[in-house]
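Residue-level structural notes
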Amino acid sequence: MRRPSVRRITALVAAGLLLPALAACGSGDKDGASDGGDPSLVIYTGRNEKLVKPLLDKLEKAVDTKVEVRYGDSAELAAQILEEGDRTKAGLFFSQDAGALGALSREGMLQKLPQSTLDEVDEAYRGSAGDWVGLSGRVRVIAYNPDQVDEDDVPDSVFDVVKPAWKGKVGFAPTNASFQAFVTGMRVLKGDDATRKWLADLKANGAKTYAHNLATLDAVEAGEVSLGLVNHYYWYERVAEKGEDKVNSRLHFLPGKDPGALINVSGAGILKDSGQSAAAQKAVDYLLSKEAQSYFADETKEYPLAAGVTSTVEDLPPLESLQSPDIDLGKLDSLQETLAMLQDVGLV
């Protein structure tokens, strides 16, 4: 197994991402042995515990093996695995986003998955090296307040939200991981110079910042801003909670493969030489099963990615109808460069 590069570890430490992860590191033996000495599958996941714990409880029964789960930020957990190298206790990495999986793939930490597993998911939503697979998808959209803007006037490109017509009318969450992944995607698609200019223009145009996507959606609902840059599922969760007639916002799905229509995925990869490969493979197979994929669709309002499973969420555009940009999701791994750019521009 390749060891993580000194340059990458140094960068992660400098960014303050690695130390919290290491501080969270507990005891336990390698080769899937828990603190109690029983064989187990250890999962590191960047997904929200409240959101996926019920699913992982079902997974434990499905793989018929004791499962230990370590929750945290995906970038921090990826950094921890890189630091631990072949000493990592993780057998499976269940990431919130593709970029963290891409970072492990680049360092040779993940083992190649069977072709039958890879074939469960469209090629666009799995690692190009065949060592991780997407599990659920989310698309960037523009939420808008129909009392302030007609649907036909909502921009079809994120590059239009920095025009004078939208001065002080746009909300976004610069510290949110999904926004930062979107910015990384723009860097991959359009280059650093164009992305830096867009960020600077966004700030100069008086765009308002919020703590997270839900706060951004709240601001659109309240009329504080006319437009909000968010992920699609926040709106669908709100509609499920309150009913569409009580939600004072709508969504615009961007056409033309605009960077603002990025589809990012949660996904899973198996750690090489963990001694947990068999259990980890069963876990991946379960997460791609109809039961697990339906959980993503019904509980999180994300897009299920396994073939043959479709979302039942009312009025959610089919995944295949979305005009997202063509991008290797594994290349969303340069988060540190994105954070540095956001800091340089003064947005974080």
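Source: prediction; values computed, not measured.

The next thing to look at is the UniProt feature "binding site: Fe cation" (unreviewed entry) in the protein chain. Per the UniProt record, the feature "binding site: Fe cation" (unreviewed entry) sits at Y233 and Y234. Within this annotated set, the largest pocket is lined by Y233 and Y234. Summarising the element assignment, Y233 is placed in helix α10 (residues 232–242). For Y233, the contacting residues outside a window of four places in its chain are Q96, R138, T300, K301 and E302. By secondary structure assignment, the location of Y234 is in helix α10. Contacts of Y234, omitting those with residues within four sequence positions, involve N213, L214 and L217. A polar side-chain atom of Y234 sits 3.3 Å from a polar atom in the side chain of Y233.

With that out of the way, let us pick up the packing of aromatic side chains. Inspection of every chain in the model, using the stated rule, returns 6 aromatic pairs. Each ring, one from F182 and one from W198, has its centre 5.6 Å from the other, and the planes form 85°; the classification is edge-to-face. Within this pair, whereas F182 is found in helix α7 (residues 177–190), its partner W198 is found in helix α8 (residues 192–204), the two being separated by 16 residues in sequence. For the pair F182 and W198, one class covers both residues: buried. Judged by centre distance (4.9 Å) and plane angle (85°), the ring pair of W235 and Y236 falls under edge-to-face. Both residues of the pair, W235 and Y236, belong to the buried class. Aromatic ring contacts, followed pair by pair, group F172, F179, F182 and W198 into a single cluster.

Relative to the elements of secondary structure, T88 occurs in the loop between α4 (74–84) and β3 (92–95). Side-chain polar atoms of T88 contact the side chain of E84, separated by 2.6 Å.

In contact at an axis separation of 10 Å, helix α9 (residues 213–222) and α10 are set at 65° when each is read in the N-to-C sense. Here the hand of the crossing between α9 and α10 comes out right-handed. Residues N213, L214, L217, D218 and E221 of α9 form the contact with α10, whose own contacting residues are Y234, W235 and R238. Classifying every residue of the contact of α9 with α10 by side-chain character gives 4 nonpolar, 1 polar and 3 charged.

Calculation criteria
- Residues numbered from 1 in each chain as written.
- Predicted model: local features only at pLDDT ≥ 70, side-chain atom pairs only at ≥ 80, totals over all residues.
- Heavy atoms only, no water.
- UniProt positions renumbered as here; feature names shortened; annotations may be inferred.
- 1 Å grid on protein atoms, 1.4 Å probe; cavity = no way out; pocket = protein on both sides within 12 Å on 5 of 7 lines; lining within 4 Å.
- Helix = DSSP H or I, 4+ residues; strand = E, 2+ residues; numbered from the N terminus.
- Contact = heavy atoms within 4.5 Å.
- Polar contact = N/O pair within 3.5 Å; in protein donor to acceptor, adjacent residues only side chain to side chain.
- Phe/Tyr/Trp six-rings, centres within 6.5 Å; stacked < 30°, edge-to-face > 60°.
- Buried < 20%, exposed > 50% of the residue type's maximum accessible area, 1.4 Å probe, protein only.
- Axes fitted to C-alpha atoms, helices over the stretch in contact; angles between N-to-C directions.
- Left-handed = near helix turned anticlockwise from the far one by under 90°.
- Nonpolar A, V, L, I, M, F, W, Y, C, P; charged D, E, K, R; others polar.

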